[in-house]
Amino acid sequence: MRTLDGVGSTPRSGVGTARWYRPEADLTLPDRPAPESVDVDTELARYESARDAVREALREARDRTAERVGEEEAAVFEAHEGFLDDPTIIEDVEAAIRDGTPAPHAVADRFGEAVAQFEGMEGRMAERADDLRDVRDRLLRALLGADGGEGGQAVTDLAALPDGTVLLAERLTPSDTATLDPDAVAGIATIEGGRTSHAAIIARSLAIPAVVGVGAELDSVADGETVLVDGEAGKVVVDPDEDLRAAAREAGPEAIRDRVETIDGRSVEVATNVGGEAELAPAAERGADGIGLFRTEFLFVDREAPPTEDEQYEAVTAALSAFSDDRVVVRTLDVGGDKPVPYLDLPDEPNPFLGRRGIRLSLDEHADLFETQLRALLRAAATEDGDGLAVMFPLVTRVEEVERAVARVEAVADDLTSEGVDHAVPELGAMVETPAAAFLADALAERLDFLSVGTNDLAQYVMAADRGNDAVADYHDPLHPAVLRALDRTTAAVEGTDAWVGMCGEMAGDPALTELLVGLGFDELSMSAVTVPDVKRRVREVDADAARSLAADALACETRSEVLDVLGLDDRAA
Amino acid sequence: MERTVTVEPEAGLHARPASKLVQTANRFDADVSIGRADDGDDGLVRADSMLSVSGLNVEHGESVRVVAEGSDAEAALDAVCDLLTSPVEEGAEGEAAGESDTDGGGPDAEDA
């Protein structure tokens, strides 16, 4: 038994059989045959069927990523399809085949030229080289795999790994990761990569235990060895003993259906974030106590016009009936100039994260969309399961915004009354994503039923660090004392009032932080469904008094590393 | 027929705007080509080729010339120019890590 250290990504453990994924090694081309021995028609057909197979795989990866991760992350697969079916590439490859080059060599040659065209350039142009390599490798895998391994080596088909595989790789691309079957893959360990890399995020959303950034030592693990991936501790254990294996099995994804409370009886709601209807059933199966963030943006993307009132009503009632005994918090439309929703006519701004977005648009430019959305929500609130509905407004910074939003709700209620349409006014709340909202939390809570903290944005705005910019990734961490103090300011403002306070964000789903968050006073934590069972388990181990003193110690810290010390956490990739 | 327009998408003709342009050019029964306005006929490349369009490396704010021929030339020109003159956002560049969940983003990534 030996242990390798890495960075835990998906906080869950799995045991299985190691299998290396080495896409480059898999793609060794056979020797080039003499041109006259090449059967041109066969090679042309081979090229075409490889393109068909890759196109299908790209579309699946696109849809899967769009559903599980987001439309923006899925867009890369459309660009890949563009390169796959590029008419200039197809013409050249087919011409080379007619001259007696086998399909794999013709593809490798032509894509090699295309990669060379972009390689060594900066920024976006260099990314195109990566895209081209990705498409080339997919094509070669399809071509060589179809060849029955005659010339190329056996090819790893990521979509069809045997059950109980622990996949080892230097790194995984987002498309590799999105292809994995979560039921077959017991874990992932990579040499490179960080906790916040795209592939790591996708692995978390697929509930696959993952440890990234293990380093070159991972090379010492051989195919076929039994490996435990402990995504919570960030360890890879080779040839684990029976106790560890049993513990890993025990820590499996068993759902806790009941609501949970701390040892000393403080109840904490463990809810889930949902970004599409397909996520409702899996979230319920994992034992979520309701929905803490229902993103409505999925209703608006990939279409030519906004959804109708009835479509929105249907979507919200579907969520309410999936969680009929629970609360469902719906966030009103949260878009800005960084979102690909063409018909919304979003402003072209130099800095969209500091521009017209969220509630700012809903109160003015998008007042009509806001009204339609509120009508759908108030009608849904009057349905059988509607008393669990809550509605929250994104990117609040001013008290007047809350007052205007509440007035809009009241006006819509009046309209519905005069139209004789059944409706009810749901609980209303604001997201705390900005320093302004944290400072004004007391004034907001006075006017609303609840507040919910969005930690990714709060960290971005408190730390002045773009959450999409890797160059400032070490600033963008909710464990910086400044962010913790903003959280404390928010929860302290709500304490003793009738309002409740929750958190929807990656931070909420990290079981290593559950005690801290309970100590800070959060009533509700909402997260990716995958981490719901782990956080519920953790809540049951927490003593609320001890948690409060832990939180006080963390709040007294002046640096992130002091916070990590207090929490007993290793320095993780920020 | 042809038209000269200024490229509005913040990402220029890269990533998502580029693939949308190629998809659009492919949708019509017309031969569409595109190039920098200053580069003359020699600078025109096929708008239905992702490789050619990406290779132009056109940035936001540059002026480009679009030429279309064939039975659907006018419709193709309208659609392509419409795309080039609608601001699409930077956030749509899918690959960069962790970004952009604000929106419809990752189930896990918090939010907001």
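The structure displayed is predicted, hence computed values, not measured ones.

Q: So what exactly am I meant to see when it comes to the overall build of chain A here?
A: Along the backbone of chain A there are 22 helices and 17 strands. Residue pairs in contact within chain A that sit at least 24 positions apart in sequence constitute 68% of those at least 6 positions apart. When the accessible area of chain A is evaluated, it comes to approximately 22400 Å², of which 45% is carbon and sulfur surface.

Q: Honestly, helix α21 (residues 544–555) of chain A in this entry has me stumped. Any pointers?
A: Residues and elements named next belong to chain A. The end-to-end C-alpha separation of α21 is 16 Å, in line with the 16 Å expected for 12 residues at 1.5 Å each. Looking at α21, one finds that the buried residues are A544, A547, L550, A551, A554 and L555. The buried residues of α21 occupy one face: seen down the axis, they fall within an arc of 135 degrees. Against the buried residues of α21 lie α18 (481–494), α19 (514–520) and α22 (560–567). Residue D543 occupies the N-cap position of α21, its side-chain oxygen lying 3.0 Å from the main-chain nitrogen of D545.

Q: Can you walk me through the confidence of the model for chain A in this structure?
A: If pLDDT is low for a region, its predicted coordinates should not be looked at in detail. Of all residues in chain A, 91% attain a pLDDT of 70 or more, and the chain-wide mean is 87. The model gives residues 146–155 of chain A a pLDDT under 50, and that stretch makes 14 contacts with residues more than four places away or in other chains.

Q: For this particular structure, what's the right way to read the nonpolar core?
A: The nonpolar side chains of a soluble globular protein tend to be buried with one another. Formed by 85 residues in total, the largest nonpolar core has its most connected members in L451, L479 and L516 of chain A. Among the elements that make up this core, the one with the highest residue count is helix α14 (residues 399–419) of chain A (8 residues). Excluding residues that lie within four positions of it along the chain, L516 of chain A makes contacts with L479, L484, M507, L550, A551, A554 and L567 of chain A. Ranked by size, the runner-up nonpolar core spans 57 residues in total, among them L27 and V54 of chain A together with L21 and V58 of chain B.

Q: Mind showing me how you'd approach the environment of E56 of chain A here?
A: Structurally, the position occupied by E56 of chain A is in helix α2 (residues 40–68). For the pair formed by E56 of chain A and E81 of chain A, sequence separation is 25 residues and the distance between their alpha carbons is 9.5 Å.

Q: Any chance you could explain the UniProt feature "binding site: Mg(2+)" (unreviewed entry) in chain A here in plain terms?
A: Residue and element names in this part refer to chain A. The sites that carry the UniProt feature "binding site: Mg(2+)" (unreviewed entry) are, in the present numbering, E433 and D457. For this annotated set, covering 25 residues, all C-alpha atoms fall within 5.4 Å of each other, a compact arrangement in space. Within the structure, E433 has its side chain in polar contact with the backbone nitrogen of L395 (distance 2.5 Å). Within the element layout of this structure, D457 appears in helix α17 (residues 455–463). Since its relative accessible area comes to 2%, D457 is described here as buried.

Q: I keep staring at the packing of aromatic side chains and nothing clicks. Help me out?
A: Aromatic rings in a pair are described by how distant their centres are and how their planes are angled relative to each other. All names here are of chain A. Across all of its chains, the model carries 3 aromatic pairs over all chains by this definition. Centroid distance F370 to F393: 6.0 Å. Interplanar angle 65 degrees. Geometry classified as edge-to-face. In this pair, F370 is assigned in helix α13 (residues 367–381) and F393 in strand β13 (residues 389–393), connecting sequence segments 23 residues apart. The class for F393 is buried, based on a relative accessible area of 0%. On the basis of an interplanar angle of 5 degrees and a centroid distance of 4.6 Å, the ring pair of F450 and W500 is categorised as stacked. With F450 in strand β15 (residues 450–454) and W500 in strand β16 (residues 500–504), this residue pair connects regions lying 50 residues apart in the sequence. Its relative accessible area of 0% is what places F450 among the buried residues. In this structure, R22 packs its charged tip against the face of W20, placed 4.2 Å from the ring centre. Over the aromatic face of Y313 sits the side chain of R379, whose NZ or CZ is 4.3 Å from the ring centroid.

Q: Honestly, the sheet that holds strand β1 (residues 2–5) of chain A in this entry has me stumped. Any pointers?
A: The strands making up a sheet associate through hydrogen bonds between their backbones, and the pairing can be parallel or antiparallel. All names here are of chain A. What the 8 strands build is an open sheet, ordered β1-β8-β7-β3-β4-β5-β6-β2; its pairing is mixed. The open sheet has two edge strands, β1 and β2 (7–10), and neither has a second partner. Strand after strand, the sheet turns through a mean of 30 degrees between neighbouring axes, direction not considered. Across 4 bridges, β1 lies against strand β8 (residues 235–238) in antiparallel orientation. Note that in β8 the partner of L4 across the bridge is V236.

Q: How should helix α5 (residues 103–118) of chain A be read in this particular structure?
A: Residues and elements named next belong to chain A. The first and last C-alpha atoms of α5 sit 23 Å apart over 16 residues, in line with the 22 Å expected at 1.5 Å per residue. Within α5 the residues assigned to the buried category are A103, P104, H105, A106, V107, A108, R110, F111, A114, V115 and F118. Within two residues after α5, G120 carries a phi angle of roughly 80 degrees, on the positive side.

Q: How do you make sense of the packing of helix α11 (residues 309–322) of chain A against α13 of chain A when you look at a structure like this?
A: Helix-helix packing: each pair is described by the crossing angle between the helix axes and the interaxial distance. All names here are of chain A. Put simply, α11 and α13 touch, their axes get as near as 8 Å, and they point 40 degrees apart. Viewed along their axes, α11 and α13 adopt a mutual orientation that is oblique. Where α11 crosses over α13, the two elements pack in a sense that is right-handed. Residue-level inspection shows E309, D310, Q312, Y313, V316, T317 and L320 of α11 in contact with α13, the latter providing T372, Q373, R375, A376, L377, R379 and A380.

Q: Please clarify how the packing of α13 of chain A against α14 of chain A should be interpreted in this entry.
A: Residue and element names in this part refer to chain A. Direction vectors running N to C along α13 and α14 enclose 65 degrees, while the axes themselves pass 10 Å from each other. As α13 packs across α14, the resulting crossing turns out to be right-handed. Judged by residue contacts, F370, E371, L374, R375, L378 and R379 of α13 engage A405, R408, V409, V412, A413, D415, L416 and E419 from α14.

Q: Would you explain the sheet that holds strand β3 (residues 45–46) of chain B in this entry?
A: Residues and elements named next belong to chain B. Overall, antiparallel pairing links the 4 strands, which are arranged β1-β4-β2-β3 in an open sheet. Here the strands that pair on one side only, and so sit at the sheet edges, are β1 (2–6) and β3. Relative to strand β4 (residues 63–69), β1 runs antiparallel, the two sharing 5 bridges. Counted as the bridge partner of R3 is V66 from β4.

The rules behind these values
Residues numbered from 1 in each chain as written. Chains lettered and ligands numbered in written order. Predicted model: local features only at pLDDT ≥ 70, side-chain atom pairs only at ≥ 80, totals over all residues. Heavy atoms only, no water. Helix = DSSP H or I, 4+ residues; strand = E, 2+ residues; numbered from the N terminus. Contact = heavy atoms within 4.5 Å. Areas by Shrake-Rupley, 256 points an atom, 1.4 Å probe, with all protein chains shown as cover. Expected span 1.5 Å × (residues − 1). Buried < 20%, exposed > 50% of the residue type's maximum accessible area, 1.4 Å probe, protein only. Arc of directions from axis to C-beta. Polar contact = N/O pair within 3.5 Å; in protein donor to acceptor, adjacent residues only side chain to side chain. pLDDT = per-residue confidence, 0-100. Core = buried A, V, L, I, M, F, W, Y, C linked by side-chain atoms within 4.5 Å. UniProt positions renumbered as here; feature names shortened; annotations may be inferred. Phe/Tyr/Trp six-rings, centres within 6.5 Å; stacked < 30°, edge-to-face > 60°. Lys NZ or Arg CZ within 6 Å of the ring centre and 35° of its normal. Pairing = 2+ DSSP bridges. Axes fitted to C-alpha atoms, helices over the stretch in contact; angles between N-to-C directions. Parallel < 35°, antiparallel > 145°, perpendicular 65-115°, else oblique. Left-handed = near helix turned anticlockwise from the far one by under 90°.

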